[in-house]
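# Coordinate inspection notes
If you want the building blocks of each chain, they are given just below.
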Amino acid sequence: MVCNETEPKAFSDLSRLGIHTITTKPWSLQECIFEYERVGVRGITVWRDCLHAAGIPEARRMLEQSGLEVISLCRGGFFPGATKGERQKAIDENRTIIEEAAAIGAPLIVLVCGAQPGIPLADARRQIQEGIATVLPDAAAANVKLAIEPLHPMYADSRSAINTLRQANDMVEALADPHVGVTVDVYHLWWDPELKEEIGRARSWLFSFHVSDWRTPTRDLLNDRTLMGKGCIPLRQIRGWVEQAGFTGFVEVEIFSNEYWSWDQREFLREIYSAYLTYC
Ligand code: ZN
């Protein structure tokens, strides 16, 4: 069902289109770079599975030789743990991720902050804040920023205890460090009645912006995002709020979809390009 009432109208600036490698998951990093560039995409967010498959030195070489700008590395986080040992393991892992980001010239790491069944959400949030505070000096030393990405509350069981932009903004204010900010992902936040105000509040630390659309009915809680314009997210309105807050970075297409991953990826990329031009 299409419930987006926005009238299609081409106005988007292609120089701001970025794509996450997970969006075209069947492709290797090499294929992503080649195919994105071929259609005029300018930015890439690299997911770690894709990075590790390529190997970090080779990934760095390919990215440096490409005309693509590396927007961010996805993803760090998952700080909560039932024991001190588990939490330390997460901190060590995040330090590795910071090294990887620096190695490929990614200026930003997106944090899916973590949650675990059995850990109360308020405790998980404290553990997240402690975890970020612990790795922030490493991020600063590597000249890498960290973006807290609030996740839709349907993921509060096992992926993130940070579920609203207000919670993320509160944490950024508490951490008070220029290397920590937020990512606004429309898929996670479109429903929030405080979204406009909280985007305005994030104006000094809004580090990245992710787009896709919400399919109705959703057939899978994780891997059923849809193309922009095919769902009910008011994309242009949210992009407007983000830009009113002074954001001038990439509009990053991040679609997890079992359906689209089964398509010919070149055809999917053409659809992404067209949807970006028409609906974003
Ligand atoms: Zn995202």
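Our structure is the block above this text.
Below: a short report on this structure. If you're wondering where the values come from, they're calculated on a predicted model, not measured in any experiment. (Residues numbered from 1 in each chain as written. Predicted model: local features only at pLDDT ≥ 70, side-chain atom pairs only at ≥ 80, totals over all residues. Heavy atoms only, no water.)

### Observations regarding the environment of Ile-91
- Take Ile-91: it is sitting in helix α4 (residues 84-103).
- Given the relative accessible area of 11%, Ile-91 is considered buried.
- The sequence separation of Ile-91 and Gly-77 amounts to 14 residues, and the corresponding C-alpha distance is 8.4 Å.
- Contacts of Ile-91, omitting those with residues within four sequence positions, involve Gly-131, Thr-134 and Val-135. (Helix = DSSP H or I, 4+ residues; strand = E, 2+ residues; numbered from the N terminus. Buried < 20%, exposed > 50% of the residue type's maximum accessible area, 1.4 Å probe, protein only. Contact = heavy atoms within 4.5 Å.)

### Re the coordination of the zinc ion
- Distances from the zinc ion to its protein donors, namely Glu-149 (OE), Asp-185 (OD), His-210 (ND1) and Glu-254 (OE), fall within the range 2.0 to 2.2 Å.
- In this structure, the zinc ion is coordinated by four donor atoms arranged in irregular fashion, with angles at the metal of 81 to 174°.
- In primary-sequence terms, the residues that donate to the zinc ion follow E-x35-D-x24-H-x43-E. One end of the pair, Glu-149, is in the loop between β5 (145-148) and α6 (165-175); the other, Glu-254, is in the loop between β10 (251-253) and α10 (258-261), with 105 residues separating them in the sequence. We note that Glu-149, like Glu-254, is buried. (Donors = N, O, S within 2.8 Å, 3.2 Å for Na, K, Ca; no water. Tetrahedral: all angles 85-135°; square planar, octahedral: opposite > 155°, others 65-115°.)

### Considerations on the sheet that holds strand β2 (residues 43-47)
- Read around the barrel, eight strands follow the order β1-β2-β3-β4-β5-β6-β7-β10 and close on themselves; strand pairing throughout is parallel. Sheet twist, expressed as the mean angle between neighbouring strand axes with direction ignored, is 30°.
- As paired elements, strand β1 (residues 17-20) and β10 share three bridges and run parallel to each other. Bridge assignment links Gly-18 to a residue of β10, and that residue is Glu-252.
- Of the strands in this sheet, β1 and β2 touch helix α1 (residues 29-38), which is tilted by about 165° from β2.
- Together, β5 and β6 (180-185) form the strand contacts of α6, whose direction differs from that of β6 by roughly 170°. (Pairing = 2+ DSSP bridges. Axes fitted to C-alpha atoms, helices over the stretch in contact; angles between N-to-C directions.)

### Points about helix α11 (residues 265-279)
- With 15 residues, α11 should reach 21 Å at 1.5 Å per residue; the first-to-last C-alpha distance of 20 Å fits that figure.
- Gln-265, Phe-268, Leu-269, Ile-272, Ala-275 and Tyr-276 are the residues of α11 that are buried. Buried residues of α11 fall within an arc of 125° about the axis and therefore sit on the same side.
- Where α11 is buried, its residues meet β1, α1, α9 (235-244), β10 and α10. (Expected span 1.5 Å × (residues − 1). Arc of directions from axis to C-beta.)

All we've got here are geometric facts, nothing functional implied.
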